[in-house]
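Here is how the chains run, residue by residue.
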Amino acid sequence: MSTQNLTNTPAVHNRRGIKEQLTGIPRRRQLIALISPASLWLFFLLILPLATLVMLSFVKTAFGEGSTVLTLEHYRAFLQNTIYQRLLWRSLGIALLVTVLTLLFSYPVAYFMAYFAGERQNLLLTILIIPAWTSFLLRVLAWRLILGSNGLLNTFLMGIGIIQEPITGLFFSTPAVIITLVYIWIPFAVLPIYVSLQRIEGNLFEASADLGARPWQTFWKVIFPLSLPGILAAFLFVFIPTVGEYVTPALVGGPNGLMIGNIIWDQFSRGLDWPMGATLSLMMMLIVIVPLFLSSGLAERLGLTGGGDE
Amino acid sequence: MVKNIIELENISKVYREKSGEVVQALQPANLTIEEGEFFTLLGPSGCGKTTALRLMAGFIQPSSGEIKIQGKSMNQVPPYRRPVNMVFQDYALFPHLNVEQNVAFGLKVKRVGKQEIDERVLKALEIVQLSGYEQRKPRQLSGGQKQRVALARALVNRPAVLLLDEPLGALDLKLRRAMQLELKTLQQKVGITFVYVTHDQEEALTMSDRIAVMNQGRILQVDSPMNIYEKPTTRFVADFVGETNFLTAKINQIVPGEVVKVAFGDKEVDVRHRTNGVHRGDTVTVAIRPEKLTLMPPNNQYEALPAVVSEVTFLGTDTRYIVDIPGGEKAAVRIQNTGFHRLPAYQVGDTVTLGYDKDDAQILSD
Ligand SMILES: Nc1ncnc2c1ncn2[C@@H]1O[C@H](COP(=O)(O)OP(=O)(O)O)[C@@H](O)[C@H]1O
Ligand SMILES: [Mg+2]
């Protein structure tokens, strides 16, 4: 079921699947199994690009003579260059903040939709998703109309006399990046949380109340823990792509709102230093993968994977 | 003195669907449940049993009337403040908590001390014979084990009343029978009032102190299992609980308090006078259980009708006969195979006498 995919990262599924396929099968058949569609998919979309990145990160230059010279200089550069590191931590910090804010806004929306919207559930779901159908660029740029110096917010605040001069720091700033990203991610976070809330059997609320739990106790002891798979899924949905974000910071971040993704992008485009870009990408991935593993371990410990809780 | 622990006064429930459809799930009913008894709501699916139970638990509000528990009105009291606990049909165990945490849930939310919680949980698991399963998650348990956890989770709170909604419904037959006995023993041991919902008449008869038979939102008869079985007042009760012959007869004469003389065709027999509201000349239904009928040679002290055997079925412990009686109807007769007789004792086409004790036949009021 789709809800299971939300709690189990696809990677976990595939790992198990292939292992089961391969154990106890003769070696020749194993080779055949390796070129099954799923393995091909894995190879072209995951292993090949990753291997390319790893190889790139160890060569001197991407093109010309340097492309055959192996070196660790890019890793050294990363370790010595505090700007790279600062930017990476900064990106992680922003991503974490964006994710937490997104979850804080999304949870009540999902909660309302799951339990109080009644027959309007489908309508609300559609309304929630419609913005995601419009162009990403358009949605990011829409925030210029709101946060820019001549934007709605400033006009409004000046109109009611709270401020005399437009606040210029609103746009082209780190807060602008955060606000925009939170706005973009909310629908993506609401959905998995909504699904996990909807999946909770109605009689568990009754059982909880029957055993003497007040509504808030039922929330913290039953509803919230049972919605953790959704929260976890939403966290990963938002956190992982946000760490590597470069479009939004480029559009609304200004010079102070840059993230590691922008630097990587620079290495590959203007800087033409692909090996450095590859190294930075790998470092970023390494750091992003850690919470991913932590969270899947967490899910397992909470008994939330597999979804077979009848 | 017998104390009433639950009183339903003129309670009714109407569900209003969004489509505008109105379902009268419970007709205005009065019901009292006594302290310490095993009380069963028995009826076919959809007759309103769960509705009645949920009204007591407080999950739904009555459309009219008052619910009292231990003499106090419960209408304004939310479920979490009612002195009752429920065992749900599909158990409703918390999937994220293990057995121990499930059982401790009620005590924890009531902020009982840690040590007392541990002791009471241990005791409760012992009572339901689940010691050693503390760390299991619900999905690692069989149906019967989940059932026991649900029971322990409710009992550990020492409720005044335990509400059970078809708690054995999901178990296989053998386990059901075993659990029926266990539940009954448990109820006598803990002394808590049980309000038990089932659609299984056999279950109701074996376990209950008193049974309320329900149909289409109405409570038809509240009585002891024996009286429900032996003296059903309505056709529905007689039919729902066990097998019954419904035979049409005409009342020839009533000797108040003694007998009613009824005619099947041109043959007159006696039935004990118990039913009010019947008159001479009425056509009525006489109900009698197949095992209360017997086949005999003619002329004896019992009430007797001439009959012809039309069907014989060997059932192991019993033989079931279908006989034609005067008036053109058929009656089922069940006779135990005691081994003294050649089996079967009668063949199709035999002319026999159908006999019964006049106390065992019942004239139904509707
Ligand atoms: N929440 C509800 N909304 C509308 N109708 C309901 C609802 N719950 C029960 N009913 C209806 O009320 C009647 C009694 O239901 P219920 O009490 O569940 O019966 P039982 O437990 O005896 O099977 C049924 O006709 C059922 O369809
Ligand atoms: Mg029911």
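Note that the structure is predicted; figures quoted are calculated from it, not measured.

This next bit is on empty space enclosed by the protein. Residues and elements named next belong to chain B. One pass over the full model with this rule turns up five cavities of 30 Å³ or more. In this structure, the second largest cavity occupies an estimated 60 Å³ of space. As for the second largest cavity, its lining consists of Tyr-229, Glu-230, Pro-232, Thr-244, Ala-287, Ile-288, Arg-289, Lys-292, Asp-360 and Gln-362. A class-by-class count of the residues in the lining of the second largest cavity yields four nonpolar, two polar and four charged.

This next bit is on a nonpolar patch on the surface. Residue and element names in this part refer to chain A. A cluster of nonpolar side chains, namely Leu-40, Trp-41, Phe-43, Phe-44, Leu-45, Leu-46, Ile-47 and Leu-48, defines an oily patch on the protein surface of about 800 Å² accessible area. Summarising the element assignment, Leu-40 is placed in helix H4 (residues 37–58). By relative accessible area, which is 37% here, Leu-40 ends up partly exposed.

Residue and element names in this part refer to chain B. Assigned domains within chain B: domain 1 (4–239) and domain 2 (243–364). Inter-centroid distance (C-alpha atoms) of domain 1 to domain 2 is 39 Å. The interface of domain 1 with domain 2 comprises 10 residues on the first partner and nine residues on the second. Summed over both partners, the interface of domain 1 with domain 2 comes to about 900 Å²; 44% of that surface belongs to carbon and sulfur atoms. It is Tyr-229, Arg-235 and Ala-238 in domain 1 that bury the most area against domain 2; as a group they hold 53% of the surface buried on that side. Scanning the region where domain 1 abuts domain 2 turns up one salt bridge. When the shortest N-O distance is used, the salt bridge between Glu-230 and Lys-292 registers 2.6 Å. Where the side of domain 1 that touches domain 2 is concerned, the elements lending two or more residues are helix H7 (225–230) and helix H8 (235–240). When its residues are assigned to classes, the side of domain 1 that touches domain 2 shows four nonpolar, two polar and four charged.

Another aspect to go through is the site of ligand 1. Residue and element names in this part refer to chain B. Taken together, Tyr-15, Glu-17, Val-23, Ala-25, Pro-44, Ser-45, Gly-46, Cys-47, Gly-48, Lys-49, Thr-50 and Thr-51 are the residues near ligand 1. In this structure, Lys-49 approaches ligand 1 through a main-chain N or O atom, which is 2.9 Å from an oxygen atom. Side-chain polar atom of Thr-50 to an oxygen atom of ligand 1: 2.6 Å apart, as the coordinates give it. When the free accessible area of ligand 1 is taken as 560 Å², the share hidden by the protein chains comes to 63%. Listing elements by their share of the shell around ligand 1, those giving two or more residues are strand E2 (22–34) and helix H1 (49–57). Among the elements that line the shell around ligand 1, the one with the most residues is H1, at three residues. Across the shell around ligand 1, the residue classes break down as five nonpolar, five polar and two charged.

What follows covers the interface of chain B and chain A. Residue-level contacts link 28 residues of chain B with 24 residues of chain A. Carbon and sulfur atoms supply 58% of the area that chain B and chain A bury against each other, a total of about 2300 Å² over both sides. Looking at the side of chain B facing chain A, the largest losses of area belong to B:Tyr80, B:His96 and B:Arg139, adding up to 27% of the total buried there. Joining chain B to chain A, the criterion identifies one salt bridge. Here chain B and chain A share eight residue pairs in polar contact (both at pLDDT 80 or more) between them. Here the side of chain B that touches chain A gets four residues from one element, more than from any other, and that element is helix H2 (residues 99–109) of chain B. When the residues that make up the side of chain B that touches chain A are grouped by side-chain class, the tally is 13 nonpolar, four polar and 11 charged.

So, about the packing of helix H6 (residues 82–115) of chain A against helix H7 (residues 121–133) of chain A. Residues and elements named next belong to chain A. Taken N-terminus to C-terminus, the directions of H6 and H7 make an angle of 150°; their axes are 9 Å apart at the nearest point. Taken together, the axis directions place H6 and H7 in an arrangement best described as roughly antiparallel. With respect to the hand of their crossing, H6 and H7 are arranged in left-handed fashion. Across from Val-109, Phe-112, Met-113 and Ala-114 in H6, the residues of H7 making contact are Gln-121, Leu-124, Leu-125 and Leu-128. Here the contact of H6 with H7 is built from residues that sort into seven nonpolar, one polar and no charged.

Another aspect to go through is the packing of H6(A) against helix H14 (residues 260–268) of chain A. All names here are of chain A. Where H6 contacts H14, the two axes come as close as 8 Å, and the packing angle between them is 130°. The orientation of H6 with respect to H14, classified from their angle, is oblique. Where H6 abuts H14, its residues Tyr-84, Leu-87, Leu-88 and Ser-91 lie against Ile-260, Ile-263 and Gln-267. Here the contact of H6 with H14 is composed, by residue class, of five nonpolar, two polar and no charged.

Residues and elements named next belong to chain B. Evaluated as defined, the whole model comprises 19 salt bridges over all chains. The residue Glu-203 makes a salt bridge to Arg-176 at a minimum N-O spacing of 2.8 Å. Of this pair, Glu-203 sits in helix H6 (residues 201–207) while Arg-176 sits in helix H5 (residues 173–190), and the two are 27 residues apart along the sequence. You'll find Glu-203 and Arg-176 in the same group, each marked buried. In this structure, the salt-bridge partner of Glu-243 is Arg-320, at a minimum N-O distance of 2.3 Å. With Glu-243 in the loop between H8 and strand E11 (245–255) and Arg-320 in strand E17 (residues 318–324), this residue pair connects regions lying 77 residues apart in the sequence. Salt bridges sharing common partners tie together Arg-176, Asp-200 and Glu-203.

Moving on, we get to the sheet that holds strand E6 (residues 84–87) of chain B. All names here are of chain B. Reading across the sheet, the six strands line up as E6-E7-E8-E3-E9-E10 and stay open at both edges, with mixed pairing between neighbours. Each end of this open sheet is capped by a strand with a single partner; those strands are E6 and strand E10 (218–223). Averaged over all pairs of adjacent strands, the angle between their axes in this sheet comes to 20°, without regard to strand direction. Alignment of strand E7 (residues 161–165) against strand E8 (residues 193–198), held across five bridges, turns out to be parallel. Note on E8: the bridge partner recorded for Val-161 is Thr-193. Running over the sheet, H1 touches strand E3 (38–42), E6, E7, E8 and strand E9 (210–215) and is turned about 150° from E7.

This part takes up the sheet that holds strand E12 (residues 259–264) of chain B. Residue and element names in this part refer to chain B. Reading across the sheet, the five strands line up as E13-E12-E11-E14-E20 and stay open at both edges, with antiparallel pairing between neighbours. Bordering the open sheet on either side are strand E13 (267–272) and strand E20 (362–364), each of which pairs with just one other strand. Ignoring which end each strand starts from, the neighbouring axes of this sheet average 50° apart.

Parameters and conventions
Residues numbered from 1 in each chain as written. Chains lettered and ligands numbered in written order. Predicted model: local features only at pLDDT ≥ 70, side-chain atom pairs only at ≥ 80, totals over all residues. Heavy atoms only, no water. 1 Å grid on protein atoms, 1.4 Å probe; cavity = no way out; pocket = protein on both sides within 12 Å on 5 of 7 lines; lining within 4 Å. Points joined across faces, edges and corners; volume = space filled by probe spheres on them. Nonpolar A, V, L, I, M, F, W, Y, C, P; charged D, E, K, R; others polar. Patch = residues over 30% accessible without salt bridge, like charges linked within 9 Å, V, L, I, M, F, W, Y side chains within 5 Å. Areas by Shrake-Rupley, 256 points an atom, 1.4 Å probe, with all protein chains shown as cover. Salt bridge = Lys/Arg side-chain N within 4 Å of Asp/Glu carboxyl O. Helix = DSSP H or I, 4+ residues; strand = E, 2+ residues; numbered from the N terminus. Buried < 20%, exposed > 50% of the residue type's maximum accessible area, 1.4 Å probe, protein only. Domains from an automatic or database assignment. Contact = heavy atoms within 4.5 Å. Buried area = accessible area lost by both parts, 1.4 Å probe. Near = heavy atom within 4 Å. Polar contact = N/O pair within 3.5 Å; in protein donor to acceptor, adjacent residues only side chain to side chain. Axes fitted to C-alpha atoms, helices over the stretch in contact; angles between N-to-C directions. Parallel < 35°, antiparallel > 145°, perpendicular 65-115°, else oblique. Left-handed = near helix turned anticlockwise from the far one by under 90°. Pairing = 2+ DSSP bridges.

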